[in-house]
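# Analysis of the macromolecular model
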Amino acid sequence: MSNTEAITLEPATLDNAPDSSKEVLKEAKGNLGFIPNMYKYMAQNPSLLDSYYHAYNSFREKAGFSPQEQEVILLSISYENGCHYCMAAHSFLAENASNVPEDVTSAIRNGDLVPDTKLAALSKFVRTMVVNRGEVSDEELANFLDAGYEEKHILGVITAIGVKTLSNYMNHVTKTPVDDVFEGHSWSK
């Protein structure tokens, strides 16, 4: 395969997905009203779908961040990884579910400074963690903690980076089409 060819993996459906993926797809459809294209591709390898789905929900429920902070984290990771699909999906969620101010979402989408001091510190720390593969200076750690976060939040950021790495990389390889519901938030770096 040359570097210009895409893989030919087809998205799964409830009818043809591996049996161990069907339960997650059904749950996603029940929760969201549709099965996101990303899940359809992930379903072809149940370990990927299961790992992503459960780690994502665990991050949402247990990492200790507000819904706004969660979207800032997920958008910042997806921006650095250049994921067209996750940027569209999380921009939609930021606007319609997490009440992230539009200027905050726009700043992240454009790679600009976030206009909220605490969220700016969060976004900067997350982006630094992604770019430097977890290697951050004492000063960068201090800036994050001085913004009002605790050391346990660093571990939550690591969880999010793991989750988004799974989805961002899969979306790069499959060139996952953006779902119609997210289309108004399409993005490219």
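Structure shown above.
Quantities reported herein were computed from a predicted structural model and do not represent experimental measurements.

### Topic: the nonpolar core
The biggest cluster of nonpolar side chains holds 56 residues, and the ones touching the most others in it are Met38, Tyr39, Phe65, Ile73, Tyr85, Leu122 and Val157. Excluding anything up to four places from it in sequence, Leu122 contacts Phe65, Glu69, Val72, Ile73, Phe144 and Tyr149.

### Topic: the packing of aromatic side chains
Counting across every chain of the model gives 11 aromatic pairs. Ring centres of Phe125 and Phe144 lie 4.2 Å apart, and the angle between their planes is 20°; this geometry places the pair in the stacked category. Here Phe125, found in helix α7 (residues 117–131), pairs with Phe144, found in helix α8 (residues 138–146); they are 19 residues apart in sequence, far enough to count as distant. For the pair shown, Phe125 and Phe144 are each scored as buried.

### Some remarks on the side chain of Asn37
Examined against the element boundaries, Asn37 turns out to sit in helix α2 (residues 37–42). Once residues lying within four places of it in the same chain are set aside, the contact partners of Asn37 are Tyr85, Thr176, Pro177, Val178 and Asp179.

### Thoughts on the pattern of salt bridges
In this structure the tally under the stated criterion is four salt bridges. Between Glu80 and Arg127 there is a salt bridge; the shortest N-O distance is 2.6 Å. Of the two residues, Glu80 sits in helix α4 (residues 67–81) while Arg127 sits in helix α7, which places them 47 residues apart along the sequence.

What counts, and where the lines are drawn
- Residues numbered from 1 in each chain as written.
- Predicted model: local features only at pLDDT ≥ 70, side-chain atom pairs only at ≥ 80, totals over all residues.
- Heavy atoms only, no water.
- Core = buried A, V, L, I, M, F, W, Y, C linked by side-chain atoms within 4.5 Å.
- Buried < 20%, exposed > 50% of the residue type's maximum accessible area, 1.4 Å probe, protein only.
- Contact = heavy atoms within 4.5 Å.
- Phe/Tyr/Trp six-rings, centres within 6.5 Å; stacked < 30°, edge-to-face > 60°.
- Helix = DSSP H or I, 4+ residues; strand = E, 2+ residues; numbered from the N terminus.
- Salt bridge = Lys/Arg side-chain N within 4 Å of Asp/Glu carboxyl O.

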